[in-house]
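Listed here are the chains, written in short residue letters.
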Amino acid sequence: MFDIRWIRENAAAFDQALAKRGYEASAAKLITLDDSRRSHITKLQEAQERRNAASKEIGKAKGSGDDARAQELIDEVAQIKAFIQSGEEEERKLIADLEAAMAVIPNLPYDDVPVGEDETDNVLLKTHGEKPVFTFNEAPKEHYELGEDLGGMDFATAAKLSGSRFVILRGQIARLERALGQFMIDLHTQENGYTEVSPPLLVHSEPLYGTGQLPKFEEDLFKTTTDHYLIPTAEIPLTNLVAGEILPEDQLPLRVTALTYCFRSEAGSAGRDTRGMLRQHQFQKCELVSVTKPEESLDELERMLGCAEKVLQKLGLHYRVMTLCSGDMGFGARKTYDIEVWLPGQDTYREISSCSVCGDFQARRMNARFRPADSKQPVHVHTLNGSGIAVGRALIAVLENYQNGDGTITVPDVLRPYMGGLEKIG
């Protein structure tokens, strides 16, 4: 989360940074909570000192034959001991109150992050490639029209099985989705220097707290009856690989990737993207996570962005990169780039990857540190995460950008080895 000592010394800067995110000033409240904690700890320390002193006086009183004074001291020590026991419980409560107050405050944006309220204030960083030109006369179809016409997307049966925001893929469309995921994981492990991990899809609450999904965003999660949560992104198990660890400096940067299913309740998205696969409860994503030294994290963000871009470049898809404004960034991010792919069926750009640097925000929640080679004092690591990329949205983009007038889909060259050499679907 945050270093309360830093907040004390930089209260105005802390509140100004929160204001950029549209969040209320919080320094005074946090400092007041910390004052209560500090004052109580001082009382406990004074009580412990008096207990120790009184214990020594008991022996002297007994040695001098002053039994009455010895009994007074014994009674005093008993009272102090009871106060300390109850005081330690109060100390834990005061610490918990401070941590709970900080746990729902978002990370502070870097100075170069554009200030704004929502996605309309995001800033274009760059574009890549050109929008496709279609030779057929009809308007390009959306992915669900193409998928249903080919018999490869079945939303009706999925709804019968599981409700809304699910889909059944069949045949060559199902194989195309699998090919996309395999292509991504191969690219990141064979060319981009990431180590593949196959993590659990169910986690306890602690990893979700560590990466910032809990306690603020519990309604977005699927929870089981065994107090497990289905992961909304592989960022959670991947980042928590270093939770509670002190890493040697030569292990950094640590770069890991995973191709997993992800699960999101899509709380608050009623009425949005109800047709097709854009917003599903269950989807596949290739996730990228990096753990770095503080001075290397911003360079790592640029590197991660490049790795995600390479997926779209090899697929031959037109996209743009946006620098998110302060009001549109995720809870734990200090700076975020979104990659938005062009979807001709919708005639618009849609997010397909988001790459963020979190500074030491998650590391403090997870207590993840490293030991610099020239220092005995451990330092919190910096963490980064990014989509490399969302498989379902990549499937949408391929279907819409590679559609033909006869309803078939041309398979991108880079995917043909994963499709048994197939050049067209349909």
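A quick note: this is a predicted structure, and the numbers were derived from the prediction, not measured. (Residues numbered from 1 in each chain as written. Predicted model: local features only at pLDDT ≥ 70, side-chain atom pairs only at ≥ 80, totals over all residues. Heavy atoms only, no water.)

Peer 1: Can you help me understand the overall build of the protein chain in this one?
Peer 2: Assigned secondary structure in the protein chain consists of 12 helices and 18 strands. Computed over C-alpha atoms, the radius of gyration of the protein chain comes to 28 Å, more than 25% over the 22 Å expected from 2.2 N^0.38 for 426 residues, which places it beyond the range of a compact globule. For the protein chain, the spread of C-alpha atoms along the principal axes amounts to about 110 × 45 × 40 Å. Taken over 426 residues, the protein chain has a buried fraction of 47%. (Helix = DSSP H or I, 4+ residues; strand = E, 2+ residues; numbered from the N terminus. Rg over C-alpha atoms; globule rule 2.2 N^0.38 Å. Buried < 20%, exposed > 50% of the residue type's maximum accessible area, 1.4 Å probe, protein only.)

Peer 1: Mind showing me how you'd approach the packing of helix 7 (residues 171–190) against helix 12 (residues 391–401) here?
Peer 2: The packing of two helices is summarised by the inter-axis angle and the distance between the axes. Two numbers describe how helix 7 lies on helix 12: the axes approach to 9 Å, and their chain directions differ by 120°. Compared by their axis directions, helix 7 and helix 12 come out oblique. Here helix 7 and helix 12 pass one another in a crossing that is right-handed. Only Val-391, Ala-394, Leu-395, Val-398 and Leu-399 of helix 12 make contact with helix 7, whose side of the interface consists of Ile-173, Leu-176, Glu-177, Leu-180, Gly-181 and Met-184. Grouping the constituent residues of the contact of helix 7 with helix 12 by class yields 9 nonpolar, 1 polar and 1 charged. (Axes fitted to C-alpha atoms, helices over the stretch in contact; angles between N-to-C directions. Parallel < 35°, antiparallel > 145°, perpendicular 65-115°, else oblique. Left-handed = near helix turned anticlockwise from the far one by under 90°. Contact = heavy atoms within 4.5 Å. Nonpolar A, V, L, I, M, F, W, Y, C, P; charged D, E, K, R; others polar.)

Peer 1: For this particular structure, what's the right way to read the sheet that holds strand 8 (residues 246–248)?
Peer 2: Paired through backbone hydrogen bonds, the strands of a sheet run either parallel or antiparallel to each other. The sheet built from 3 strands is open, its strands ordered 8-14-15 with mixed pairing. Strands with a single pairing partner mark the edges of an open sheet, and in this sheet they are strand 8 and strand 15 (379–380). Pairing of strand 8 with strand 14 (residues 369–371) involves 3 bridges; the strand directions are parallel. Bridging across to strand 14, Pro-248 finds its partner in Arg-371. (Pairing = 2+ DSSP bridges.)

Peer 1: Explain the packing of helix 7 against helix 10 (residues 297–315) to me, please; I cannot follow it from the model alone.
Peer 2: Between helix 7 and helix 10, whose axes approach to 10 Å, the crossing angle comes to 130°. Judged on the interaxial angle alone, helix 10 and helix 7 are oblique. Crossing geometry of helix 7 relative to helix 10 is assigned as right-handed. Packed against helix 7, whose contacting residues are Leu-180, Phe-183, Met-184, Leu-187 and His-188, the element helix 10 presents Cys-307, Lys-310, Val-311, Lys-314 and Leu-315 at the interface. In terms of residue class, the contact of helix 7 with helix 10 is built from 7 nonpolar, 1 polar and 2 charged.

Peer 1: Please clarify how the pattern of salt bridges should be interpreted in this entry.
Peer 2: Opposite charge on two side chains permits them to pair, given that their charged atoms come into close proximity. Applying the stated criterion across every chain yields a total of 24 salt bridges. Between Asp-3 and Arg-5 there is a salt bridge whose closest N-O contact spans 3.4 Å. Among the ionic pairs, Asp-154 bridges to Arg-170, the shortest N-O distance being 2.9 Å. Of this pair, Asp-154 sits in strand 2 (residues 153–154) while Arg-170 is found in the loop between strand 3 (168–169) and helix 7, placing the two residues 16 residues apart along the sequence. The structure contains a network of salt bridges with shared partners spanning Arg-8, Asp-34, Asp-35, Arg-37 and Arg-38. (Salt bridge = Lys/Arg side-chain N within 4 Å of Asp/Glu carboxyl O.)

Peer 1: Whenever I open this one, helix 10 confuses me. Can you help?
Peer 2: Residues spaced three or four apart along an α-helix point in a common direction, a consequence of the helix completing one turn every 3.6 residues. Spanning 19 residues, helix 10 covers 28 Å between terminal C-alpha atoms, matching the ideal 27 Å at 1.5 Å per step. The complete set of buried residues in helix 10 reads Ser-297, Glu-300, Leu-301, Met-304, Leu-305, Cys-307, Ala-308, Glu-309, Val-311, Leu-312 and Leu-315. Positive phi appears at Gly-316, one or two residues downstream of helix 10, with a value of about 70°. (Expected span 1.5 Å × (residues − 1).)

Peer 1: What is the right way to look at the sheet that holds strand 11 (residues 319–323) in this model?
Peer 2: If you walk across this open sheet you meet the 8 strands as 1-11-12-13-16-10-9-4, and the pairing is mixed. Because the sheet does not close on itself, it has two edges, and the strands there are strand 1 (123–128) and strand 4 (195–196). The sheet contact formed by strand 1 and strand 11 spans 5 bridges and is antiparallel. Residue pairing across strands places Val-123 opposite Thr-323, the latter belonging to strand 11. Helix-sheet contacts for helix 7 involve strand 4, strand 9 (254–263), strand 10 (282–292) and strand 16 (382–390), and the interaxial angle to strand 9 is about 165°. Where helix 12 meets the sheet, it contacts strand 9, strand 10, strand 12 (335–343), strand 13 (348–357) and strand 16, and its direction lies at approximately 35° from that of strand 16.

Peer 1: Even after reading the chapter, I still don't get the packing of aromatic side chains, so can you show me in this structure?
Peer 2: Each aromatic ring pair is summarised here by two numbers: the centre-to-centre distance and the angle between the ring planes. Evaluated as defined, the whole model comprises 8 aromatic pairs. Chaining the aromatic ring pairs together yields one cluster made of Phe-2, Trp-6, Phe-14, Phe-217, Phe-331 and Phe-361. Here the guanidinium or amino end of Lys-131 rests over the ring plane of Trp-342, the centre of that ring lying 4.1 Å away. (Phe/Tyr/Trp six-rings, centres within 6.5 Å; stacked < 30°, edge-to-face > 60°. Lys NZ or Arg CZ within 6 Å of the ring centre and 35° of its normal.)

Peer 1: Any chance you could explain unusual backbone geometry here in plain terms?
Peer 2: Glycine aside, residues mostly have negative phi angles, and peptide bonds mostly take the trans form. Here the amide bond leading from Leu-252 into Pro-253 is cis, since omega sits at 0°, within 30 degrees of zero. Inspection of the secondary structure assignment puts Pro-253 in the loop between strand 8 and strand 9. Residue Ile-389 is bonded to the preceding Gly-388 through a cis peptide linkage, with omega at 15°. In this structure, Ile-389 sits in strand 16. At Asp-347, a position not held by glycine, the phi torsion is positive, near 60°.

Peer 1: Please explain a negative patch on the surface as it appears in this structure.
Peer 2: Together, Glu-117, Asp-118, Glu-119 and Asp-121 line one region of the surface with negative charge. Inspection of the secondary structure assignment puts Glu-119 in the loop between helix 4 (67–103) and strand 1. (Patch = residues over 30% accessible without salt bridge, like charges linked within 9 Å, V, L, I, M, F, W, Y side chains within 5 Å. Areas by Shrake-Rupley, 256 points an atom, 1.4 Å probe, with all protein chains shown as cover. Lys, Arg positive; Asp, Glu negative; His and termini not counted. Charge placed at Lys NZ, Arg CZ, Asp CG, Glu CD.)

Peer 1: Hey, could you run me through the nonpolar core in this one?
Peer 2: Soluble globular proteins: nonpolar side chains tend toward being buried together. Judged by nonpolar contacts, the single largest core of 55 residues is most densely connected at Leu-180, Met-184 and Leu-395. Those residues in contact with Met-184 that sit more than four places away from it in its chain are Cys-286, Val-311, Gly-388, Ile-389, Ala-390, Val-391 and Ala-394. Formed by 17 residues, the second largest nonpolar core is a distinct cluster that contains Ile-7, Ala-27, Leu-98 and Met-102. (Core = buried A, V, L, I, M, F, W, Y, C linked by side-chain atoms within 4.5 Å.)

Peer 1: Any chance you could explain the layout of surface pockets here in plain terms?
Peer 2: In this structure, the second largest pocket spans a volume of roughly 420 Å³. Around the second largest pocket sit 15 residues that line it, and Phe-2, Asp-3, Ile-4, Met-102 and Arg-364 are the ones nearest its centre. Broken down by class, the residue content of the lining of the second largest pocket amounts to 6 nonpolar, 2 polar and 7 charged. (1 Å grid on protein atoms, 1.4 Å probe; cavity = no way out; pocket = protein on both sides within 12 Å on 5 of 7 lines; lining within 4 Å. Points joined across faces, edges and corners; volume = space filled by probe spheres on them.)

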